[in-house]
Amino acid sequence: MLASLAMAGSDPWQGWLDRSRATFRITEDLLLCAAMGALVLLGIGQLDLWPALGLRLNVGVMDNVARHVTLLIGMLGSMVAARERRLLAIGTLAQLAPERLQPAIAIFVGATSTSIAAGLAVASWQFVSFERPAGLVLALGVPVWIIQLSLPLGFAVLAARVWFHSTRTPRGRAISLVLAVTLMLVAWNPPLPPAQLLGPALALLAATTLLGAPIFAVFGGASLLLFGAAGDPIASIPLDHYGQVTSPLLATLPLFTLAGYVLAGSRAAQRVVTLLIAWTGHLRGGPAIVTVLGSAFFTAFTGGSGVTILALGGLLLPLLLAARHSDRDSLGLIAGAASLGVLLPPCLPLIMYSIIGQVGMNDMFLAGLLPGALLIAMMAGWGMASSGRSGEARPAFDLDRALSAAWAARFELLLPLVPLTLLIGGLALPVPAAAATALFAMVTGMLFHRDLNLATLRRVLVDCGLLTGGVLLILGTAMGFTNYLITLQVPDALATWIGLHVESRWAFLLLLNLFLIAVGCLMDIFTAVVVVVPLVLPAALAFGIDPLHLGILILANLELGYLTPPVGLNLFLAAYRFNRPVMTVARAALVPMLVLLSGVIVITYWPPLTTWLPSLFRGN
């Protein structure tokens, strides 16, 4: 009886809690959608066509507002990523631990990450407090500090969600909270001088990293420890975060990614695959060509091979099997081809390198075209060769069917031409070009193909914001750590050491290849770009390596990471998508990985493959 009364008494409270969570979730999603939509409109407002139509828009104000909307997208998207438990992490050792230890490990990692997120929230509040008296106005009388307030609020929500998701039991959450508060109190009132605690604290952070801490906590924690030990104000960390995320070109990242997510959320995959089958199905290895070209197209726009595997896998595997490709070759081809678009514009890693390496985005897009085409041709060649063993039956070419498929996919064919024409033709800067690409994808998807309705578009905007928010969070938190290393002249010292111990440029390139392949085995491509580029760029410049060549070389090597255990993302996603053991997919992907490795060697030791197109257009 007492138990029944207790349950009845708790129902109203639980109902209120569930309704509150649902309301907060919907509000969060709608704010993220509104921010993504506002960024598209602000980018379109910066196009040069408006003065020709008699409209005088303040491009400078719109650019400044767009930068701060990007900051909002970064924090809102990271909050949603934390809510959905999709924050990027490096470590996988926790999965190898005995099952009885995993709850304790999760509590430890959650408590440590919670304390770091809370520390970043405090640092961000200090930053906003310093900025507020300046009285800077963004637009329409809105103070800049109102937008900057998203930093402490966002990190506070991240702290709460990381703590909440650290374990499923009330007892575990209580232990996690006590441990997190204890770590924060020790950091606030250290029992020893901070410099003496730095070594053990960094060792603790390293263990947390290997056990699965979110990457933002790794960079943020390292920054908090290093700045604290040096006696520098921790408000410098969110200052660097703010400066990085509101940099002029970073708005291109969510905009180009949005175009790809619109494709993935519509029936574009079916139209593109139908088009490729109609034009290449009669060729030897036609289904392999379809797989390679279709995968490269989608990865170039979505920025991640995972979306390509999930969106196209269900179409491509039956196609390959029906053409009598072996199950092993089919799995390997899909897993290998999904990463091919990394070097093609406007893929997200190209944009990230352009910003971090401080090279022109137009040049970076051009630099990736020929190396990307080489890898596509090599993978397609292997697919065609493997089809020779299958005895596939090839249909006759039907011109009417091919033309009909081309007309059906006309907007997908035009989409890559939008940014390339605007950028390379000098008709628009990167942000408005990216906005035009995203708007083109949305308008054609909703009004012409009618694949998208408002509900579908909302889901696409949230998914895109979640991915870009996670990446922007990593970029922002890594900036404080990177600047600290630069202040200590670590990259220059590394360049000097390499210059003393490595005799030739070619030896340096070989060592760089080996290093990057090892990095690709341990990190996802987004984190690797953030970590590696500031470290190796000075050494590469000392050996006379063109920054464009270095960028494509880095990305081509990291492409192998998609197929390399233990964190080869394509292996895990293909295993999940096709319900196969990971090791089965890994064995199937071995030959495609060797094919990509051969292409990487060509890209490494033949720089004109990368630098010729940018120099040609620069000369013109």
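Residues numbered from 1 in each chain as written. Predicted model: local features only at pLDDT ≥ 70, side-chain atom pairs only at ≥ 80, totals over all residues. Heavy atoms only, no water.

S.K.: Kindly report on helix α9 (residues 215-230), identifying the contributing residues and their values.
M.R.: Spanning 16 residues, α9 covers 23 Å between terminal C-alpha atoms, matching the ideal 22 Å at 1.5 Å per step. Within α9, twelve of the 16 residues are buried, leaving the element largely enclosed by the surrounding structure. Of the residues one or two after α9, G231 is the one with positive phi, at around 80°. (Helix = DSSP H or I, 4+ residues; strand = E, 2+ residues; numbered from the N terminus. Expected span 1.5 Å × (residues − 1). Buried < 20%, exposed > 50% of the residue type's maximum accessible area, 1.4 Å probe, protein only.)

S.K.: Go over the packing of helix α24 (residues 505-522) against helix α25 (residues 525-542) with me, naming the residues and quoting the values.
M.R.: Running from N to C, α24 and α25 cross one another at 170°; their axes reach a closest spacing of 12 Å. When the axes of α24 and α25 are compared, the pair comes out roughly antiparallel. Together, F508, L512, F515, L516 and V519 of α24 and A528, V532, V536, A539 and A540 of α25 make up the contact between the two elements. Looking at the contact of α24 with α25 residue by residue, the class counts come to ten nonpolar, no polar and no charged. (Axes fitted to C-alpha atoms, helices over the stretch in contact; angles between N-to-C directions. Parallel < 35°, antiparallel > 145°, perpendicular 65-115°, else oblique. Contact = heavy atoms within 4.5 Å. Nonpolar A, V, L, I, M, F, W, Y, C, P; charged D, E, K, R; others polar.)

S.K.: Run through the packing of aromatic side chains, naming residues and quoting values.
M.R.: Scanning the entire structure with this criterion turns up 13 aromatic pairs. When the centroid spacing of 6.0 Å and the interplanar angle of 70° are considered together, the rings of F256 and F365 count as edge-to-face. In this pair, F256 sits in helix α11 (residues 252-265) while F365 sits in helix α17 (residues 361-387), placing the two residues 109 residues apart along the sequence. F365 matches F256 in its accessibility class, with the two residues each being buried. Among the aromatic side chains, those forming a connected cluster through ring pairs are F297, F298 and F301. For the cation-ring pair, R173 lies above F164, with the distance from its terminal atom to the ring centre recorded as 3.7 Å. (Phe/Tyr/Trp six-rings, centres within 6.5 Å; stacked < 30°, edge-to-face > 60°. Lys NZ or Arg CZ within 6 Å of the ring centre and 35° of its normal.)

S.K.: Quick rundown of the pattern of salt bridges? Include the residues and the values.
M.R.: One pass over the structure, following the stated rule, counts eleven salt bridges. With its nearest N and O atoms 3.6 Å apart, the salt bridge here joins D29 to R458. Here D29 is found in helix α1 (residues 2-44), whereas its partner R458 is found in helix α22 (residues 454-487), with 429 residues between them in sequence. For R271, the salt bridge is made with E412, and the minimal N-O distance between the two is 2.9 Å. (Salt bridge = Lys/Arg side-chain N within 4 Å of Asp/Glu carboxyl O.)

S.K.: So, the confidence of the model for the protein: which residues are in play, and what are the values?
M.R.: Overall, the prediction assigns the protein a mean pLDDT of 87, with 95% of residues at 70 or greater. The spread of mean pLDDT over the elements of the protein runs between helix α2 (residues 49-52), the lowest at 72, and helix α6 (residues 150-164), the highest at 96. Per-residue pLDDT stays below 50 along residues 1-10; that stretch engages in zero contacts with residues further than four places along the chain or on separate chains. (pLDDT = per-residue confidence, 0-100.)

S.K.: With reference to specific residues and values, describe the state of the cysteines.
M.R.: In this structure the tally under the stated criterion is zero disulfides. This cysteine, C347, is not joined by any disulfide, and C464 carries the nearest cysteine sulfur, 13 Å off. (Disulfide = S-S within 2.5 Å.)

S.K.: Please set out unusual backbone geometry residue by residue, giving values where relevant.
M.R.: Among all residues save glycine, negative phi is the norm, and among peptide bonds the norm is trans. The omega torsion of the bond from P345 to P346 falls at 0°, within 30 degrees of zero and hence cis. By secondary structure assignment, the location of P346 is in the loop between α15 (327-337) and α16 (348-356). Of note in the backbone geometry, R85 takes a positive phi value of approximately 60° without being a glycine. Position of R85 relative to the elements: it lies in the loop between α3 (59-83) and α4 (102-131).

S.K.: Please set out a nonpolar patch on the surface residue by residue, giving values where relevant.
M.R.: Together, W506, L510, L511, L514, I601 and Y605 line one region of the surface with nonpolar side chains, adding up to about 570 Å² of accessible area. For the nonpolar patch, the secondary structure elements donating two or more residues are α24 and α29 (590-605). Counting residues per element, the nonpolar patch draws most heavily on α24, which supplies four residues. Examined against the element boundaries, W506 turns out to sit in helix α24. The exposure class assigned to W506 is partly exposed, which follows from its relative accessible area of 43%. (Patch = residues over 30% accessible without salt bridge, like charges linked within 9 Å, V, L, I, M, F, W, Y side chains within 5 Å. Areas by Shrake-Rupley, 256 points an atom, 1.4 Å probe, with all protein chains shown as cover.)

S.K.: Help me get a handle on the environment of L276, residues and values and all.
M.R.: Turning to its location among the elements, L276 is positioned in helix α12 (residues 268-280). The exposure class assigned to L276 is buried, which follows from its relative accessible area of 13%. Residues L276 and T291, 15 residues apart in the sequence, show an inter-C-alpha distance of 8.8 Å. Sequence-distant contacts of L276, defined by excluding residues within four places in its chain, comprise G281, V290, L293 and G294.

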